[in-house]
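Chain and residue survey
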Protein chains: 2
Amino acid sequence: MAQSSKLTVPSGMRDFLPEQVAKRNYIFNTIRQVFESFGFVPIETPSMEYLSVLSGKYGEEGEQLMYKVLNSGNFWESIQPLSAELLNSKKLTPLICEKALRYDLTVPLARFVVNHQHQLQFPFKRYQIQNVWRGDRPQKGRYREFTQCDADVIGSSSLYYEAEFIQIYQMVFERLNLTEYQIIINNRKILQAMAEKLNCLPQFKEFCIAIDKLEKIGLSGVQQEMQKRNLPLTTIQNFEEWATLSGPVLETLPRLKEKLSHSSMGELGIQEIEQVIEILSFAQNELKNIILDPLLARGLDYYTGIIIEAKIKNASVGSVGGGGRYDDLTGIFGLKQMTGCGISFGADRLYDVLEEKQLFPLEIKPNAQLLILNLGKETWPIIYPIAQRLRTENIPLEVYPQSEHKMSKQLSYADKKKIPFALIIGTEEIDSQQWQLKNLATGEQQKIQTQELILFFKNRKAS
Amino acid sequence: MAQSSKLTVPSGMRDFLPEQVAKRNYIFNTIRQVFESFGFVPIETPSMEYLSVLSGKYGEEGEQLMYKVLNSGNFWESIQPLSAELLNSKKLTPLICEKALRYDLTVPLARFVVNHQHQLQFPFKRYQIQNVWRGDRPQKGRYREFTQCDADVIGSSSLYYEAEFIQIYQMVFERLNLTEYQIIINNRKILQAMAEKLNCLPQFKEFCIAIDKLEKIGLSGVQQEMQKRNLPLTTIQNFEEWATLSGPVLETLPRLKEKLSHSSMGELGIQEIEQVIEILSFAQNELKNIILDPLLARGLDYYTGIIIEAKIKNASVGSVGGGGRYDDLTGIFGLKQMTGCGISFGADRLYDVLEEKQLFPLEIKPNAQLLILNLGKETWPIIYPIAQRLRTENIPLEVYPQSEHKMSKQLSYADKKKIPFALIIGTEEIDSQQWQLKNLATGEQQKIQTQELILFFKNRKAS
């Protein structure tokens, strides 16, 4: 409790300074524009949902990490009389907290689709860029409040959408100048066929948990993990030949196809990937960054078809997004047979990658572009209307507020605020009807009139 | 608790469908662009703050309406042993809740300024568009989660900024085509001088609470209220002559000046308003919508100088924003002498007004602009690259996912989704290398090539 008396933001949460907001908006706007160009439309859901909507959807760990909101009013009296067995946190929580903060955007989407099913047209292509909250242990790249950017298609089983999602990842990364990316794909059906071949289908879940750790703990680590989880010896012995298959999709497909022959489940999984790749080929999409990794599992309980993960190479954060096909999104809320497919971008991780690789465009600056100096009341009839005129053209500017301050003080204000230009209008300029525009980086000054000034800043913005 | 088992959003909170999101963004973008044109820069703060940061800042009622977030983990054990006197909600809350959701954007701004004072340049002009949460009784136009759009200048006492805020209100309303607005202004110093003249300065707070109700309960209602609050008889008797002063600023100023003569406090208040009006006149601002109302109080404890309120005439919601000068924003957190001035827009109320007056531009549509029909696999080598080409130009489009569906079914999909155009490419079109663009509202069809298609949609967007 000592923490709470400190004047600071809660642990794992962040203030964003103007430059950070501008950089974050650059990421959000890029993603939004790509989503929209694929015909996705935006929705928003409340920050809070009833606990009963969120409960039981994220497993034991998720349940604990979820932020619960205390009922307002006299919560204490509403649970009287209090029996001894209620006196523990787990039992008390649902009695004093009716609501919780959004843990992801997927369960709220499912609730939204059920609530609004009669207003929506299916396939419903929605995107959603909103914050989620998780009381996770904070660490580099992991925050307790962060922004998810999700796109999902609900109500169509067409593999065309899997292809779209791969295209979306590619288009976003290219627009962010992140040329060194990988889109890793797999199919749950391939995982199942592999488990079948390795004699561990009955322990499919244990098998996936173990192989998901390959990147972290290596082959022998995974084999030890399998031993610990009591997987059959044949699985452990024969796993190695599967662990080395991952590679560019066009090279890996035939090899994997061969290994999975005579498994109808495996062949189905392969066919689905072939169809997606065919669509991408017709769209003349770059395929070399698409990796087929038969070990990719990602939250195995959830996906039923193709699984996607997006990574940036040579970056300190690994995955910057993922997704896939899930066959029963809304079944938890009683609406059956709504298949879905979707992806998510981790905007905070993308931020870290762009910062690390110095890929934010230089022109992302939240600052005003111009400071209009205030050199005396006699200039007000000139400078105030000019300021208003420029604002109608959306040129971000400040007028210096105090005419009694010296010009040098006013210029140094612009400097400190990183405002790149100053407009100087004194009595001399008013006589000649020509203003002085000073470039504060170079010290250069040029004579200019209002109309030219507008063009100058409009061109600067466009460049 | 019955509520919590329903599948719905929590009371007072809202889902936003695509069209609503697009309309809300139209409002936010308009406000944002105006803020930026005045040189305000964006910041963001976390949704949660430590309870100790928020506590004691919003009065008894605010404290109750604030949403508290339950500590994670075993909150119950951390308060053992529990003495009998702790067993009530008020005392228990701070022990089991360390954090609360943001109640407004002003206290977080004060905390932000103190935390980052060495990174900021003063006067610091920040804007912030974020959600706030209040457990208020939901009613028309009042929600438990809503978006505030605030702009504040911290660290300058220049009255130039009061003028800017009035200009900002005017520019936003004009851009939203809300021509019938009123900017109502007053000054706390005028309120004080009035209380002095009416012999009730020692009961200033009671006086303000009573007069703030004039619009709701009328003159005799206010007089009864004054009686109830034990204000002197002379106040009650002489109040009427002040209650009728409100009017356009240029007409009201001289009348009010006369009534406040010989009050140094009153004269100071009048002078401040005169200076603001002078700046607005130099800027060639429209003054007829600016009303001087000597009874405007708005959260009297807070403002120390000029007070501003923005209203839309002939609308079912009254105030759509307000603000003013406050002399000691950060004093509560130990940083003295930081004067501030700021305003807020109630975006949710603006939404209701624009809807009511049917002022949302028709072109605000979240939908895709084009559906590319999918008339067989043999068209894929043509349609997929066209789709990609158009997307690089940010034209929002969908490709119909299933080639096995009939053309009529595909067209009716576009219709239902309110997609205005369809691109038809069959074998015939491929032979002639001319596509068919169908306007789904008129049924008209035109032959078109890819490059023309791009221009067609780019021009449509711009118009």
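Here's what I pulled together on the structure shown here. Computed from a predicted model, the values in this text were never measured in an experiment. (Residues numbered from 1 in each chain as written. Chains lettered and ligands numbered in written order. Predicted model: local features only at pLDDT ≥ 70, side-chain atom pairs only at ≥ 80, totals over all residues. Heavy atoms only, no water.)

All names here are of chain A. The strand order across the open sheet formed by five strands is E14-E13-E15-E16-E17, and the pairing between neighbours is mixed. The open sheet terminates on both sides in strands that have one partner only, identified here as strand E14 (397-399) and strand E17 (445-448). For this sheet the average axis-to-axis angle between neighbouring strands, irrespective of direction, equals 25°. Of the strand pairs in this sheet, strand E16 (residues 435-439) and E17 are connected by four bridges, and their pairing is antiparallel. Looking across to E17, one finds that leucine 437 is bridged to glutamine 446. Packing against the sheet, helix H15 (residues 380-392) makes contact with strand E13 (370-372), E14, strand E15 (421-424) and E16, and its axis sits at approximately 165° to E14. Across the sheet, helix H16 (residues 407-416) lies against E13, E14, E15 and E16, angled at about 160° from E13, the strand it touches most. (Pairing = 2+ DSSP bridges. Helix = DSSP H or I, 4+ residues; strand = E, 2+ residues; numbered from the N terminus. Axes fitted to C-alpha atoms, helices over the stretch in contact; angles between N-to-C directions. Contact = heavy atoms within 4.5 Å.)

Placing chain A over chain B gives an RMSD of 0.1 Å and needs a rotation angle of 180°, together with 0.0 Å of translation along the axis. A rotation of that kind, with that shift, is consistent with a two-fold axis. Every residue of chain A has its C-alpha some distance from the rotation axis, and the shortest such distance is that of valine 69 of chain A, at 2.3 Å. Both copies present the same face, since 100% of the interface residues in chain A are matched by interface residues at the equivalent positions in chain B. (Least-squares fit on C-alpha atoms with pLDDT ≥ 70 in both.)

With that settled, the discussion passes to the pattern of salt bridges. Think of it this way: side chains of opposite charge can pair up when their charged atoms draw near. All names here are of chain A. Summed over the entire model, instances satisfying the criterion amount to 54 salt bridges over all chains. We note a salt bridge from lysine 125 to glutamate 164, for which the minimum N-O separation is 3.0 Å. In this pair, lysine 125 is assigned in strand E5 (residues 124-133) and glutamate 164 in helix H6 (residues 160-175), connecting sequence segments 39 residues apart. Here glutamate 164 falls in the buried class, since its relative accessible area comes to 0%. Here the residues in one salt-bridge network are Glu206, Lys213, Glu225, Lys228 and Arg229, joined through shared partners. (Salt bridge = Lys/Arg side-chain N within 4 Å of Asp/Glu carboxyl O. Buried < 20%, exposed > 50% of the residue type's maximum accessible area, 1.4 Å probe, protein only.)

Residues and elements named next belong to chain A. Assignment of secondary structure puts leucine 440 in the loop between E16 and E17. On the basis of relative accessibility, which here comes to 17%, the residue leucine 440 falls in the buried class. In this structure, the C-alpha to C-alpha distance between leucine 440 and leucine 411, residues 29 residues apart in sequence, is 8.2 Å. Apart from the residues within four sequence positions on either side, leucine 440 is in contact with Leu411, Ala414, Asp415, Ile419, Pro420, Phe421 and Ala422.

Moving on: the nonpolar core. Counting 145 residues, the largest nonpolar core has Phe165, Ile168, Phe173, Ile185, Phe207 and Phe345 of chain A together with Leu423 of chain B as its most contacted members. With ten residues, H6 of chain A is the largest single contributor of residues to this core. Not counting chain neighbours up to four residues away, the residues in contact with phenylalanine 165 of chain A comprise Phe40, Ala151, Asp152, Val153, Ile308, Cys341, Gly342 and Ile343 of chain A. Listed in part, the 134 residues of the second largest apolar core include Ile430 of chain A together with Leu176, Ile190 and Ile307 of chain B. (Core = buried A, V, L, I, M, F, W, Y, C linked by side-chain atoms within 4.5 Å.)

Residue and element names in this part refer to chain B. Reading across from one edge, E14-E13-E15-E16-E17 is the order of the five strands in this open sheet, with mixed pairing throughout. On the outer flanks of this sheet lie strand E14 (397-399) and strand E17 (445-448), each paired with one strand and no other. Across this sheet, the average inter-strand angle for adjacent strands is 25°, counted without regard to direction.

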